[in-house]
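# Coordinate inspection notes
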Number of protein chains: 2
Amino acid sequence: MELDLSADAAQLTAAIVDVPSVSGDEDQLCTAIESQLRRLDHLSVERFGHCLVARTELGRPERVVLAGHLDTVPLAGNLPSHVDGDRLYGCGTSDMKSGVAVQLRLAAGVPEPARDVTYVFYDCEEIEAERNGLGRLSRTRPDLLAGDFAVLMEPSGCEIEGGCQGTMRAEVTVTGQRAHSARSWMGRNAIHEAGAILDVLRRYQPREPEVDGLRYHEGLNAVAISGGVAGNVIPDRCVVTVNYRFAPDRDIAAAEAHLREVFGPWDVAVVDAAPSARPGLDQGPAASFAAAVGGSPRAKLGWTDVARFAELGVPAVNYGPGISEIAHTRDEYVEIAKIGQCEARLRHWLTTP
Amino acid sequence: MELDLSADAAQLTAAIVDVPSVSGDEDQLCTAIESQLRRLDHLSVERFGHCLVARTELGRPERVVLAGHLDTVPLAGNLPSHVDGDRLYGCGTSDMKSGVAVQLRLAAGVPEPARDVTYVFYDCEEIEAERNGLGRLSRTRPDLLAGDFAVLMEPSGCEIEGGCQGTMRAEVTVTGQRAHSARSWMGRNAIHEAGAILDVLRRYQPREPEVDGLRYHEGLNAVAISGGVAGNVIPDRCVVTVNYRFAPDRDIAAAEAHLREVFGPWDVAVVDAAPSARPGLDQGPAASFAAAVGGSPRAKLGWTDVARFAELGVPAVNYGPGISEIAHTRDEYVEIAKIGQCEARLRHWLTTP
């Protein structure tokens with residue numbers, strides 16, 4: 001398996017797509033990429049499992065990171081890739097092997113960028129968080145992810161998606177008093193009282209704050225509810241699990257304080273949380289990037305690996321040629337023109353002092 | 001193990017209590033009772049497993065049934081029985097071996113009652129309904145339970161408890177539309193919408209109708225609730241299980257119609273139901289019984305085996321010396337005076353034409 005990094009970006013995307021790399025099974029693709037990168041004298045290359053880190057070492061005053069994951073969701077009878085009109089179809093075309101192809105074209109074709117570049121290729125993004133290759137690198141070799149700015153090549157239709165919303169799950173518990181249901185008035189029904197929690201959720205007006213120039217949209221929702229002792233017992237406990245998606249003007253502590261305020265009368269226990277990340281597009285290298293690639297930046301509402309960079313103190317955005325709405329579908333495709341457009345814009349940015 | 005049916009009712013109660021008979025383990029007590037009953041020439045005795053049916057066959061125009069269960073809840077270190085002041089303590093003293101002792105005293109001591117009597121002793125009343133000995137007899141030998149009136153010797157403090165409320169469980173389901181919780185407004189949260197079901201339950205005003213002169217008290221309660229797909233998914237389904245306890249002026253069909261009316265907007269599926277039973281104390285042999293034993297009849301709110309007789313077309317009441325509120329507790333006792341009082345009143349009724 002020989003990849004040709006001099007082929008155009010669409011051809012290179014098709015070649016990469018045709019090497020299956022479902023999460024955990026990235027070895028073949030990783031090795032094919034590694035062998036090409038090691039031929040490039042202007043890059044220092046290190047491999048960790050199914051992750052690759054390739055860096056220019058030009059002593060530039062600024063360093064940027066371009067990161068993409070190699071894995072895909074399971075195949076759905078949608079390989080090998082095929083072209084239909086101006087689209088390239090196949091598993092991973094949008095999410096995100098077209099982005100990986102752009103990374104490789106830049107790695108090979110821009111030997112002397114105006115800013116030093118770290119190219120990161122990682123595994124297991126599509127499965128449980130603890131196996132995520134970028135997370136592993138951030139714990140074991142944070143030095144390799146250091147930089148002034150990072151671009152995740154996730155599908156965004158060649159528009160900047162800035163920052164990401166945080167997420168917190170909490171259990172809101174209401175207690176009552178058991179009784180036999182034939183004499184229900186001797187007890188206090190915790191499920192009935194949980195109606196007041198659902199009232200709060202139904203009345204809740206989510207914030208839509210603007211942060212660093214981008215508009216976010218929060219959400220507070222019950223994602224589970226459970227209660228009940230037996231068919232003839234007034235229940236003394238009901239638990240509502242809520243999921244709070246919070247904009248990046250709030251950190252985890254502020255999100256928890258908000259939940260405790262909203263659910264004041266009840267017991268609130270945080271189950272898990274992942275931080276938000278500010279877009280930061282209005283200053284520093286992120287602003288230079290936004291100016292160079294243009295378009296209409298928008299807020300990222302879901303949680304993404306951008307937050308891992310934010311935790312390392314590296315501002316980051318999503319920017320890639322794919323289409324996020326059709327990711328993970330059988331009919332996944334990428335618009336061929338977007339791949340070249342994405343490559344051209346990033347090349348312009350990397351080569352402009 | 002020899003029972004002395006000529007001992008006074010309190011001594012006989014103690015002797016019966018001291019033969020442990022936790023549900024499923026009634027053999028020894030059943031055999032001890034059987035051997036005494038078979039010595040009584042005025043009774044025809046049949047045994048079915050751990051059930052006994054003993055009948056007078058005097059050709060009287062009216063037949064009544066006196067029924068009691070032999071089993072108890074599990075022991076709680078409260079055997080052997082002991083007397084403290086005017087109370088007899090021990091497992092089953094109230095529920096309902098004092099009632100069984102009264103049955104046996106009457107079976108032995110009233111050889112020529114004014115109305116024919118069927119004495120029923122049965123097993124497994126304290127556990128799951130399908131093992132209930134009275135239920136089994138009603139399916140296999142309903143002829144043996146036939147009669148104009150029945151008295152269940154359940155603890156009622158020597159007051160008539162008439163009829164019983166029915167019970168129905170139903171699942172009320174609300175549906176929504178899934179979405180990723182980062183974009184919750186793309187979906188419709190079924191758990192939030194279940195808040196409207198809980199609103200209905202919280203606003204619900206239970207009826208307290210008078211039926212055949214007794215005051216009942218209904219109840220409509222959530223006894224379980226469940227919903228949720230995953231921590232990051234807007235749930236598309238929430239199920240509230242409700243328990244409706246309905247007065248005996250409603251049958252199962254009327255109860256179901258009521259639930260469908262109350263929960264009109266949602267899907268309602270009946271899970272199980274047990275019928276109510278009217279007290280019927282204002283007419284026929286039940287009225288004669290009430291007149292003979294006196295006191296202040298009250299409504300039975302819980303479901304009892306009275307309803308099994310009602311299903312066979314036999315009016316029935318609870319009437320026994322025990323105290324229902326302390327049944328199933330470690331400190332269960334019976335007031336010794338009540339045992340003799342109960343026996344005397346029933347003897348008066350059985351011997352009065």
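Because the structure is predicted, anything quoted here is derived from the model rather than measured.

## Overview of the nonpolar core
In this structure, Leu37, Tyr119, Phe289 and Leu346 of chain B are the most contacted members of the largest nonpolar core, which totals 57 residues. Per-element accounting of this core gives the leading share, 7 residues, to helix H3 (residues 93-109) of chain B. Setting aside residues no more than four positions away along its own chain, tyrosine 119 of chain B makes contact with Leu43, Leu52, Val53, Ala54, Leu66, Gln103, Leu106, Ala107 and Leu350 of chain B. Val19, Ala32, Ala107 and Val317 of chain A belong to the second largest nonpolar core, which has 56 residues in total.

## Some thoughts on the packing of helix H6 (residues 190-203) of chain A against helix H6 (residues 190-203) of chain B
Look at H6 of chain A against H6 of chain B: their axes get within 8 Å of each other, and the N-to-C directions meet at 135°. Considering their axes alone, H6 of chain A and H6 of chain B lie oblique with respect to each other. In the crossing of H6 of chain A with H6 of chain B, the sense of the turn from one axis to the other is left-handed. Taking contact as the criterion, the partners of Ile191, His192, Ala194, Gly195, Ala196, Leu198, Asp199, Leu201 and Arg202 of chain A in H6 of chain A are, on H6 of chain B, Ile191, His192, Ala194, Gly195, Ala196, Leu198, Asp199, Leu201 and Arg202 of chain B.

## Observations regarding the sheet that holds strand E17 (residues 298-299) of chain A
All names here are of chain A. Pairing is mixed in the open sheet, where 8 strands are placed in the order E1-E2-E6-E3-E7-E18-E8-E17. Sheet topology places strand E1 (44-48) and E17 at the edges, where each strand pairs with a single neighbour. As defined by bridge partners, strand E8 (residues 161-162) adjoins strand E18 (residues 316-318) across 2 bridges and the pair is classed as antiparallel. Looking across to E18, one finds that glutamate 161 is bridged to asparagine 318.

## Observations concerning the relation of the copies chain A and chain B
Under the fitted operation, chain A is carried onto chain B by 0.2 Å of movement along the axis and a turn of 180°, and the coordinates agree to an RMSD of 0.2 Å. Accordingly, the operation relating the two chain copies is best matched by a two-fold axis. Interface overlap between copies: 100% of the residues of chain A at the interface are likewise at the interface in chain B, consistent with a symmetric, same-surface contact.

## Description of the sheet that holds strand E4 (residues 82-84) of chain B
All names here are of chain B. A sheet is described by the order of its strands in space; here 3 strands give the open sequence E4-E5-E19, paired in antiparallel fashion. Each edge of the sheet is formed by a strand with only one pairing partner; in this case those strands are E4 and strand E19 (333-335). Across this sheet, the average inter-strand angle for adjacent strands is 25°, counted without regard to direction. In terms of strand pairing, E4 meets strand E5 (residues 87-89) through 3 bridges, oriented antiparallel. Opposite histidine 82, over in E5, you have tyrosine 89 as the bridge partner. In this fold helix H10 (residues 336-351) packs onto E4, E5 and E19, with an angle of close to 60° to the strand it touches most, E19.

## Here we look at the confidence of the model for chain A
On average, residues of chain A score 94 in pLDDT, and 100% of them reach the 70 mark or higher. Prediction confidence for the complex, expressed as pTM and ipTM, is 0.82 and 0.82 respectively.

## What to know about H6 of chain B
The end-to-end C-alpha distance of H6 of chain B is 20 Å, a good match for the 20 Å that 14 residues give at a rise of 1.5 Å each. With respect to burial, H6 of chain B is a largely interior element, 10 of its 14 residues being buried. Those residues of H6 of chain B that fall on the buried side of the exposure criterion are Ala190, Ile191, His192, Ala194, Gly195, Ile197, Leu198, Asp199, Val200 and Leu201 of chain B. Tucked into the core, H6 of chain B has its buried residues touching H6 and strand E13 (219-228) of chain A together with strand E9 (166-175), strand E13 (219-228), strand E15 (237-246) and helix H7 (252-262) of chain B. Measuring from the backbone nitrogen of isoleucine 191 of chain B back to the side-chain oxygen at the start of H6 of chain B gives 2.9 Å, which picks out asparagine 189 of chain B as the cap.

## Here's the deal with the interface of chain A and chain B
Contacts between the two partners involve 42 residues from chain A, matched on the other side by 42 residues from chain B. Both faces considered, chain A and chain B share a buried interface measuring about 3,000 Å² in area, 57% of it formed by carbon and sulfur atoms. The largest share of the area that chain A buries against chain B comes from His192, Arg202 and Ile225 of chain A, three residues that together contribute 20% of it. Scanning the region where chain A abuts chain B turns up 2 salt bridges. The tally of links from chain A across to chain B stands at 18 residue pairs in polar contact (both at pLDDT 80 or more). Mapped onto the side of chain A that touches chain B, the elements with two or more residues apiece are H6, E13, strand E14 (233-234) and strand E15 (237-246) of chain A. At 10 residues, E13 of chain A tops the list of elements feeding residues into the side of chain A that touches chain B. Partitioned by chemical class, the residues of the side of chain A that touches chain B number 19 nonpolar, 17 polar and 6 charged.

## Considerations on the packing of aromatic side chains
Under the criterion given, the structure shown has 12 aromatic pairs over all chains. With a centroid separation of 5.2 Å and 50° between ring planes, the pair formed by phenylalanine 149 of chain A and phenylalanine 289 of chain A is classed as tilted. Taken together, the positions of phenylalanine 149 of chain A in strand E7 (residues 149-152) and phenylalanine 289 of chain A in helix H8 (residues 284-293) put the pair 140 residues apart, joining distant regions of the chain. Neither residue differs from the other here; phenylalanine 149 of chain A and phenylalanine 289 of chain A are each classed as buried. Look at phenylalanine 289 of chain B and tryptophan 349 of chain B: their rings are 4.8 Å apart centre to centre, the planes differ by 80°, and that puts the pair in the edge-to-face class. Here tryptophan 349 of chain B lies in helix H10 and phenylalanine 289 of chain B lies in helix H8 (residues 284-293), a separation of 60 residues in the sequence. Summarising the burial analysis for this pair, phenylalanine 289 of chain B and tryptophan 349 of chain B share the class buried. Aromatic ring contacts, followed pair by pair, group Phe149, Phe289, Tyr319 and Trp349 of chain A into a single cluster.

## A few points about unusual backbone geometry
All names here are of chain B. Going from leucine 79 to proline 80, the amide bond is cis rather than trans, its omega being -5°. Within the element layout of this structure, proline 80 appears in the loop between strand E3 (63-69) and E4. The omega torsion of the bond from aspartate 95 to methionine 96 falls at -5°, within 30 degrees of zero and hence cis. Residue placement: methionine 96 occurs in helix H3. Notably, cysteine 158 is not glycine yet its phi reads approximately 60°, a positive angle. With respect to the helices, strands and loops of the structure, cysteine 158 is situated in the loop between strand E7 (149-152) and strand E8 (161-162). Although it is not a glycine, histidine 328 adopts a positive phi angle of roughly 70°. With respect to the secondary-structure elements, histidine 328 resides in the loop between strand E18 (316-318) and E19. Assessed through its relative accessible area of 46%, histidine 328 is described here as partly exposed.

About the cut-offs
- In every chain, residue numbers begin from 1 and rise along the written sequence.
- Here every chain gets a letter starting at A, and every ligand a number starting at 1, in the order they are written.
- For this predicted model, a pLDDT threshold of at least 70 governs which residues receive local features, and a threshold of 80 or more governs which side-chain atom pairs are given and counted, while totals over whole chains, interfaces and linings are taken from all residues.
- With hydrogens and water stripped out, all remaining heavy atoms of the structure feed into the side-chain values.
- What we call a nonpolar core is a set of buried Ala, Val, Leu, Ile, Met, Phe, Trp, Tyr and Cys residues that are connected through their side-chain atoms within 4.5 Å.
- Between buried and exposed lies partly exposed: a residue is buried under 20% and exposed over 50% of the maximum accessible area for its type, with that area taken using a 1.4 Å probe on protein chains only.
- Elements are defined by DSSP. Helices are runs of H or I of four residues or more, strands are runs of E of two residues or more, and each kind is numbered from the N terminus.
- By the convention used here, residues are in contact when the closest approach between their heavy atoms is within 4.5 Å.
- Axis lines are fitted to C-alpha atoms, over the contacting stretch for helices. Their N-to-C directions set the angle, which ranges from 0 to 180 degrees.
- Working definition: roughly parallel below 35 degrees, roughly antiparallel above 145 degrees, roughly perpendicular at 65 to 115 degrees, and oblique for all remaining angles.
- Helix crossings fall into two classes, left-handed where the near helix is turned counterclockwise from the far one by less than a right angle and right-handed where it is turned clockwise.
- Only strands joined by at least two bridges in the DSSP assignment are considered to pair.
- Residues reaching a pLDDT of at least 70 in both copies supply the C-alpha atoms on which the copies are superposed by least squares.
- Every residue is assigned a pLDDT by the predictor, reflecting its confidence on a scale from 0 to 100.
- Expected span of a helix: the number of residues minus one, times 1.5 Å.
- Pairs of N or O atoms within 3.5 Å make up the polar contacts considered here, provided that, within protein, one atom can donate a hydrogen while the other can accept it, and that residues adjacent in sequence are counted only when both atoms are side-chain atoms.
- By buried area we mean the combined loss of accessible area, with a 1.4 Å probe, across both parts when two parts are placed together.
- Salt bridges, as used here, are contacts in which a Lys or Arg side-chain nitrogen is within 4 Å of a carboxyl oxygen on Asp or Glu.
- Residues are grouped as follows: Ala, Val, Leu, Ile, Met, Phe, Trp, Tyr, Cys and Pro are nonpolar; Asp, Glu, Lys and Arg are charged; all remaining types, including Gly, are polar.
- Whether two aromatic rings pair depends on their centres lying within 6.5 Å, for rings of Phe, Tyr and Trp, where Trp uses its six-membered ring; planes under 30 degrees apart make the pair stacked, over 60 edge-to-face, and the rest tilted.

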